Amino acid sequence: MVECCTGIGLYIHVPFCFRKCRYCDFYSVAVDYRDRGFAGTASDYAGAVARELGLYLEMMRGERGELPRLTSIYLGGGTPTVLGGEALARIIGEARAAFPTVDEKLEVTVEANPDSVDTDLLRQLSRAGVNRVSLGVQSFNPQILRTLGRVHTGEQALDAYRMIRGAGFDNVSLDLMLGLPGQTRELLEEDLRQAVALSPEHVSAYLLKVEPGTPFHRDLEAGELTVPDEDQAAEIYSRAVKYLKEAGYHHYEISNLARTGRESRHNLIYWENREYLGLGPAAHSSLREEGRLVRRANVSDLGEYLRRLSSGELPIESVERVDRELEMAETMFLGLRRMAGIRPGEFESRFGQTIEEVYPGVLERLTASGLIIGDEAGIRLTGRGILLANEVFIAFLP
Ligand code: SF4
């Protein structure tokens, strides 16, 4: 027995940034978006995304007869705001129009960077139906921002936040990074204090992970960069979560906190292992076909992406059919990322077997190690389990 389609989330990757940050391994290309010529690139990109959506929906219609209900749109990147209000509004408008059924409470999020928002753009986004803005702040500290290679200052982040509020957005998320080079306990608290003083509805707080291939990785290998070790990182993370919880934020996922009712609806799709369609270079999709989730990854190359679409082809690089065992494991470990955890009844109605039947002895072992806790509300990570989450996740892998 497998869960039926409860709707679908749409992710649109915008692969442009003004400059690459030194820690970033997301696919994006550096562009001077203030140059007049970029408007043509932005418009071509919006056209390519519309073509890709059309091709995907045609494929899905052939597959399942009717299209699922659209429940969220998330424009991420890269830096979506460099695309400009017109191209973003066009993408959103075409996405909404392409689905015959759209959720009444459609959540439309746009990620924004402080250096590329202005009042006109925000008004255009609001008119286009954007109802959530996720602002990439990372830190307010000038030295840390320089080390990260961010293009904005702390003051620009504060100004951008005020502009977003001024444009009427009542659902704003701030992205902060933890465990940064040079981020002392005092500087971390100062970042948290400034974030909380703005009173966003949502805060994402991710520990820095130094990814291979990034300038940070090279600096680390060369001994020119110092980052916290595992124990220090765990302490930093715990301190940040405690601070935000005391400020009234509800800790609902390992790295995400929100005012009640302001959890990200789009990201819940990933943690509940539900269906999403990803457009743009390097985007991923997870769609149910003949009872199985099928994952597709797009090419991570803007030129190739545009070329494929101009010849009427989907820009897919790889396809993976997720078998039942893997889907069950993913549902366990993605679900455990949520602080509410997993409801055993939901697992059973999705897969037709209980968690104990599928993973005999595993819950007992993890409970005895103090990593999870189970009661009538669900199975959840303990405080220790959050810090050792990878150990828990591995226990469910086939
Ligand atoms: S702005 Fe975001 S996507 Fe762009 S380089 Fe920096 S971290 Fe990466």
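Coordinates for the structure precede this section.
The structure presented is a predicted model; accordingly, all values stated were derived computationally and were not measured. Just so you know, the residues in each chain are numbered from 1, in the order the chain's sequence is written. A pLDDT threshold of at least 70 governs which residues receive local features in this predicted model, and a stricter bar of 80 or more applies before side-chain atom pairs are shown or counted, although totals over entire chains, interfaces and linings include all residues. Hydrogens and water are ignored here; the side-chain numbers use all heavy atoms of the structure.

**Q** Explain the overall build of the protein chain to me, please; I cannot follow it from the model alone.
**A** Each helix and strand counted, the protein chain has 16 helices and 16 strands in total. Restricting the calculation to C-alpha atoms gives the radius of gyration, and the globule rule supplies 2.2 Å times the number of residues raised to the power 0.38. Here the C-alpha atoms of the protein chain give a radius of gyration of 21 Å, agreeing with the 21 Å that 2.2 N^0.38 yields for 398 residues. Judged by the C-alpha coordinates and their principal axes, the protein chain covers about 60 × 55 × 45 Å. Each residue is placed in one exposure class: buried if its accessible area under a 1.4 Å probe, protein chains only, is under 20% of its type's maximum, exposed if it is over 50%, and partly exposed if it falls in between. The buried share among the 398 residues of the protein chain stands at 53%. The protein chains shown are the only cover counted for residues, whose accessible areas, like all others here, come from Shrake-Rupley with a 1.4 Å probe. When the accessible area of the protein chain is evaluated, it comes to approximately 17,600 Å², of which 50% is carbon and sulfur surface. If the 45 positive side-chain charges of the protein chain are averaged to one point and the 59 negative ones to another, these points end up 3 Å apart. What counts as a helix is a DSSP run of H or I of at least four residues, what counts as a strand is a run of E of at least two, and both are numbered from the N terminus. Positive residues here are Lys and Arg, negative ones are Asp and Glu, while His and the chain termini are left out of the count. Charge coordinates come from a single atom per side chain, which is NZ of Lys, CZ of Arg, CG of Asp or CD of Glu.

**Q** I would appreciate a short explanation of the site of the ligand in the present structure.
**A** All residues adjacent to the ligand are Cys17, Arg19, Lys20, Cys21, Tyr23, Cys24, Gly77, Gly78, Thr79, Asn113 and Arg150. Only Asp, Glu, Lys and Arg are considered charged in this grouping, and only Ala, Val, Leu, Ile, Met, Phe, Trp, Tyr, Cys and Pro are considered nonpolar; every other residue, Gly among them, is considered polar. Considered class by class, the residues forming the shell around the ligand number 4 nonpolar, 4 polar and 3 charged. When at least one non-hydrogen atom of a residue lies within 4 Å of a molecule or strand, that residue is treated as near it.

**Q** Even after reading the chapter, I still don't get the pairing of strand β13 (residues 292-298), so can you show me in this structure?
**A** A regular strand places its side chains so that they alternate between the two faces of the sheet. The buried fraction of β13 is high, at 7 of 7 residues. Strand pairing is defined by DSSP finding a minimum of two bridges between the two strands. In the sheet, strand β12 (residues 284-289) pairs with β13 via 6 bridges, with the strands oriented antiparallel. Paired with Leu287 across the bridge in β13 is Val294. Linkage of β12 to β13, two consecutive antiparallel strands, is achieved through a turn of 2 residues, within which Glu290 is found at a positive phi near 45°.

**Q** Just to check I follow, could you spell out the packing of helix α1 (residues 38-64) against helix α10 (residues 302-310) for this structure?
**A** Any two packed helices are characterised by the angle at which their axes cross and by the distance between the axes. Packing of α1 against α10 leaves a shortest axis separation of 10 Å and a crossing angle of 55°. In terms of axis orientation, α1 runs oblique to α10. For α1 against α10, the interelement crossing comes out left-handed. Within the contact between the two elements, α1 uses Tyr45, Ala48, Val49, Arg51, Glu52 and Leu55 and α10 uses Leu302, Tyr305, Leu306, Leu309 and Ser310. For the contact of α1 with α10, the residue count by class is 8 nonpolar, 1 polar and 2 charged. Under this scheme, a helix contributes an axis fitted over its contacting stretch, all axes are lines through C-alpha atoms, and angles between N-to-C directions fall in the 0 to 180 degree range. Note on terminology: angles under 35 degrees are roughly parallel, angles over 145 are roughly antiparallel, angles of 65 to 115 are roughly perpendicular, and the others are oblique. With the far helix as reference, a near helix turned anticlockwise by less than a right angle produces a left-handed crossing, and one turned clockwise produces a right-handed crossing. Between two residues, a contact is recorded if the distance between any of their heavy atoms is within 4.5 Å.

**Q** Before we go on, may I ask you to explain the pattern of salt bridges in this structure?
**A** Working definition: two side chains of opposite charge can pair if their charged atoms are close together. By definition here, a salt bridge exists when the distance from a side-chain nitrogen of Lys or Arg to a carboxyl oxygen of Asp or Glu is within 4 Å. Taken as a whole and assessed by the stated rule, the structure comprises 25 salt bridges. The residue Arg265 makes a salt bridge to Asp103 at a minimum N-O spacing of 3.9 Å. Of this pair, Arg265 sits in helix α9 (residues 265-271) while Asp103 sits in strand β5 (residues 102-112); the two residues are 162 residues apart in sequence, bridging distant segments of the chain. Residue Arg265 is classed as partly exposed on the basis of its relative accessible area, which comes to 33%. Looking at Asp103, the relative accessible area reads 14%, which means it is buried. Close ionic contact of Glu290 with Arg321 constitutes a salt bridge, the shortest N to O distance being 4.0 Å. In this pair, Glu290 sits in the loop between β12 and β13 while Arg321 sits in strand β14 (residues 316-321), placing the two residues 31 residues apart along the sequence.

**Q** What am I meant to see in the side chain of Glu253 here?
**A** Its place among the elements puts Glu253 in strand β9 (residues 250-253). Engagement of the side chain of Glu253 in a polar contact is seen with the side chain of Trp271, the distance being 3.4 Å. Discounting chain neighbours no more than four positions away, the residues touching Glu253 are Trp271, Arg337, Arg338 and Met339. Two N or O atoms form a polar contact when they lie within 3.5 Å of each other; inside protein one atom must be a possible hydrogen donor and the other a possible acceptor, and for residues adjacent in sequence the pair counts only when both atoms belong to side chains.

**Q** How should I be thinking about helix α5 (residues 154-166) in this particular structure?
**A** Expected helix span is computed as 1.5 Å times (number of residues minus one). Given a rise of 1.5 Å per residue, 13 residues ought to cover 18 Å, and the 18 Å separating the end C-alpha atoms of α5 matches this to within 8%. Looking only at α5, the buried set comprises Gly154, Ala157, Leu158, Ala160, Tyr161 and Ile164. Along α5, the residues classed as buried sweep out an arc of 160° about the axis, all on the same side. Structural note: α5 exposes Glu155 and Gly166 on the side pointing more than 90 degrees away from its buried face. On its buried face, α5 sits against α3 (119-127), β6 (132-138), α4 (142-148), β7 (172-178) and α6 (185-198). Taken from the residues just after α5, Gly168 is the one with a positive phi, measuring 95°. Note that the arc is computed from the directions linking the helix axis to the C-beta atoms.

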